[in-house]
Amino acid sequence: MRIGLLTGGGDCPGLNAAIRGVVKHALGEYGHSVIGFRNGWKGVAQGDVQPLGRSDIRNVLPVGGTLLGTARFHPHSEDGGMDAVLATLEAERIDALVCIGGDGTVHAASKVAEAGVAMIAIPKTIDNDVEGTDLSIGFHTAVNIATDAIDRLHTTAESHNRVMVVEVMGRHAGWIAVNAGIAGGAEVVLAPERPFDIDKVVRFLRHRHRAHASFSIVVVAEGAVPAEGSAMDFTQRLGRFGEIVAGSVGEAVAAEIAQRTGFDTRLTVLGHVQRGGTPTPTDRILGSRFGVAAVDAAASRRTNVMTALRGDEVRLVPFDEVAGKVKHVPDELLRVADALA
Ligand code: F6P
């Protein structure tokens, strides 16, 4: 059997563990070949092939990023993209294609599956918002990085009596913000699941600083939005030299807090730091488990499914249960973040 393999969308720590899992298990257990495609679906469309053997996966387990490269490219929304993908898969005689990616990649996988290709998806995203799985590869490492950053900001916030606003990733869901906020003991956590009222945030900080503290940590997910009626414009802001800088929600929240409270306030945008570096053991193990499960699925012809962690078990879930859906942070977790503020 010839198994195709790609990583699509934004990278994250733990991808190489999944690639290694696929290659080792396919070669070792079944004697299958693994044909990698460089730079996600783009590489499939362009026929950019990298056959993968044992030497390619040596020492990659602790390494961040993806040895195959990745790109944000969706064949079904590109002119001629789908035909090009199908032509390459036929030319390379691919029997099943394993794609490791987030919601966009899983959605693309479901479209390619509709065109008759045997597909298996492995969920990865630091945002942890892929529906159908308790965890996606990369999330655990990102929460570690964000928590470490919050811990570090705590000591400097306290020394300088400052409000530290920390913007973390999470476009559609606040998994990193809420988990790192709880783990790091943040005073305020703003997530996309619950539009926020800046007046309330300001009132809360004023009260806290009057009553018993001289510093605060405010964690903001990049996709957090102000509630309707709370007038916050973060689409365009003036920079230090009067230029228009791209606005982020963290920037807007920090500016509002500084202006309205007069507290010394600083902003840290963690950005792509959260996607880089060494994967945690949890992400290495998850990537390895998903890689093995994907090869077993291909070998037993259980295709058009995504590997998923449910409780302690890895299962296979059909694309139609997961593609195009966002997994949001549940109320219980949001309430814990609030209760401990
Ligand atoms: O991987 C998901 C994500 O981390 C989002 O939270 C973030 O908005 C986006 O990727 C950034 O993507 P890019 O690397 O294309 O700037």
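Named according to an unreviewed UniProt entry, the protein chain is ATP-dependent 6-phosphofructokinase originating from Luteimicrobium xylanilyticum. Per its UniProt entry, the protein chain bears the Subcellular location (unreviewed entry) comment "Cytoplasm". Under the Function (unreviewed entry) heading, UniProt states for the protein chain: "Catalyzes the phosphorylation of D-fructose 6-phosphate to fructose 1,6-bisphosphate by ATP, the first committing step of glycolysis."

Another aspect to go through is the site of the ligand. Close contacts around the ligand come from Arg72, Ile126, Asp127, Met169, Gly170, Arg171, Glu222, His272 and Arg275, and that covers them all. Within the backbone of Gly170, a nitrogen or oxygen atom sits 3.3 Å from an oxygen atom of the ligand. Arg171 places a side-chain nitrogen or oxygen 3.1 Å from an oxygen atom of the ligand. Considering the ligand on its own, with 400 Å² of exposed area, one finds that the protein chains cover 76% of that surface. Counted by class, the shell around the ligand contains 2 nonpolar, 2 polar and 5 charged residues. When we break the shell around the ligand down by domain, the ones giving at least three residues each are domain 1 (2-138 + 279-322) and domain 2 (141-275).

The subject of this paragraph is the packing of helix H6 (residues 175-183) against helix H11 (residues 331-339). Between H6 and H11, whose axes approach to 9 Å, the crossing angle comes to 40 degrees. For the element pair H6 / H11, the angle class is oblique. H11 is crossed by H6, and the crossing has left-handed handedness. Two secondary-structure elements touch here, H6 through Trp175, Val178, Asn179 and Ile182 and H11 through Leu333, Leu334, Val336 and Ala337. Class assignment for the residues of the contact of H6 with H11 results in 7 nonpolar, 1 polar and no charged.

Moving on, we get to the domain arrangement of the protein chain. How big an interface is tends to be stated in terms of the accessible area lost upon association of its parts. Domain boundaries assigned for the protein chain yield domain 1 (2-138 + 279-322) and domain 2 (141-275). Taking the mean C-alpha position of each, domain 1 and domain 2 sit 34 Å from one another. Each side of the interface is counted separately: domain 1 has 14 residues, and domain 2 has 12 residues. When domain 1 packs against domain 2, close to 1,100 Å² is buried across both sides, 47% of that on carbon and sulfur atoms. At the surface where domain 1 touches domain 2, the tally comes to 1 salt bridge. Across the contact surface, domain 1 and domain 2 share 6 residue pairs in polar contact (both at pLDDT 80 or more).

On to the nonpolar core. Ranked by size, the top nonpolar core spans 60 residues in total, and within it Leu5 and Ile217 carry the most contacts. The greatest single-element share of this core, amounting to 8 residues, is contributed by helix H5 (residues 139-160). Those residues within four positions of Leu5 in sequence are excluded, and the remaining contacts are Ile19, Val22, Val34, Ile35, Gly36, Phe37, Leu52, Leu68, Leu97, Val98 and Ile100. Counting 26 residues, the second-largest nonpolar core is a separate cluster that includes Trp41, Leu89, Leu97 and Val317.

Mapped onto this numbering, the UniProt entry annotates "active site" (unreviewed entry) at Asp127. Assignment of secondary structure puts Asp127 in the loop between strand S5 (119-123) and H5. Overall, Asp127 belongs to the buried group, its relative accessible area being 8%. Those residues in contact with Asp127 that lie beyond four places of it in its chain are Met169, Gly170, Arg171, Trp175 and Ile176.

What counts, and where the lines are drawn
Along each chain, the written sequence defines residue order, and numbers are assigned to residues from 1. The predicted origin of the model limits local features to residues at a pLDDT of at least 70 and limits the giving and counting of side-chain atom pairs to 80 or more, whereas totals for whole chains, interfaces and linings rest on all residues. Side-chain measures were taken over the full set of non-hydrogen atoms in the model, leaving aside hydrogen atoms and water. UniProt positions are given in the numbering used here, feature names are shortened, and annotations may be inferred rather than shown by experiment. Think of it this way: one heavy atom of a residue within 4 Å of a molecule or strand is enough to make that residue near it. Pairs of N or O atoms within 3.5 Å make up the polar contacts considered here, provided that, within protein, one atom can donate a hydrogen while the other can accept it, and that residues adjacent in sequence are counted only when both atoms are side-chain atoms. Surface accessibility in these figures is a Shrake-Rupley result with a 1.4 Å probe; residues are shielded only by whichever protein chains are displayed. Classes in brief: Ala, Val, Leu, Ile, Met, Phe, Trp, Tyr, Cys and Pro nonpolar; Asp, Glu, Lys and Arg charged; the others, Gly included, polar. What marks off one domain from the next here is an automatic or database domain assignment. Only the contacting stretch of a helix is used when fitting its axis, a line to C-alpha atoms as for every element, and angles between N-to-C directions run 0 to 180 degrees. The helix count covers DSSP runs of H or I at least four residues long, the strand count covers runs of E at least two residues long, and both are numbered beginning at the N terminus. Roughly parallel covers angles under 35 degrees, roughly antiparallel covers those over 145, roughly perpendicular covers 65 to 115, and oblique covers all other angles. Crossing handedness is defined as follows: a turn of the near helix away from the far one that is anticlockwise and smaller than a right angle gives a left-handed crossing, while the clockwise case is right-handed. Whether two residues are in contact is decided by their heavy atoms: any pair within 4.5 Å suffices. When two components associate, each loses some accessible surface as probed by a 1.4 Å sphere; the sum of these losses over both components is called the buried area. By salt bridge we mean one thing: a side-chain nitrogen of Lys or Arg within 4 Å of a carboxyl oxygen of Asp or Glu. The set of buried Ala, Val, Leu, Ile, Met, Phe, Trp, Tyr and Cys residues whose side-chain atoms join them within 4.5 Å is what this entry labels a nonpolar core. Each residue is assigned to one of three classes by its accessible area relative to the maximum for its type, calculated with a 1.4 Å probe on protein chains only: buried under 20%, partly exposed between the two thresholds, exposed over 50%.

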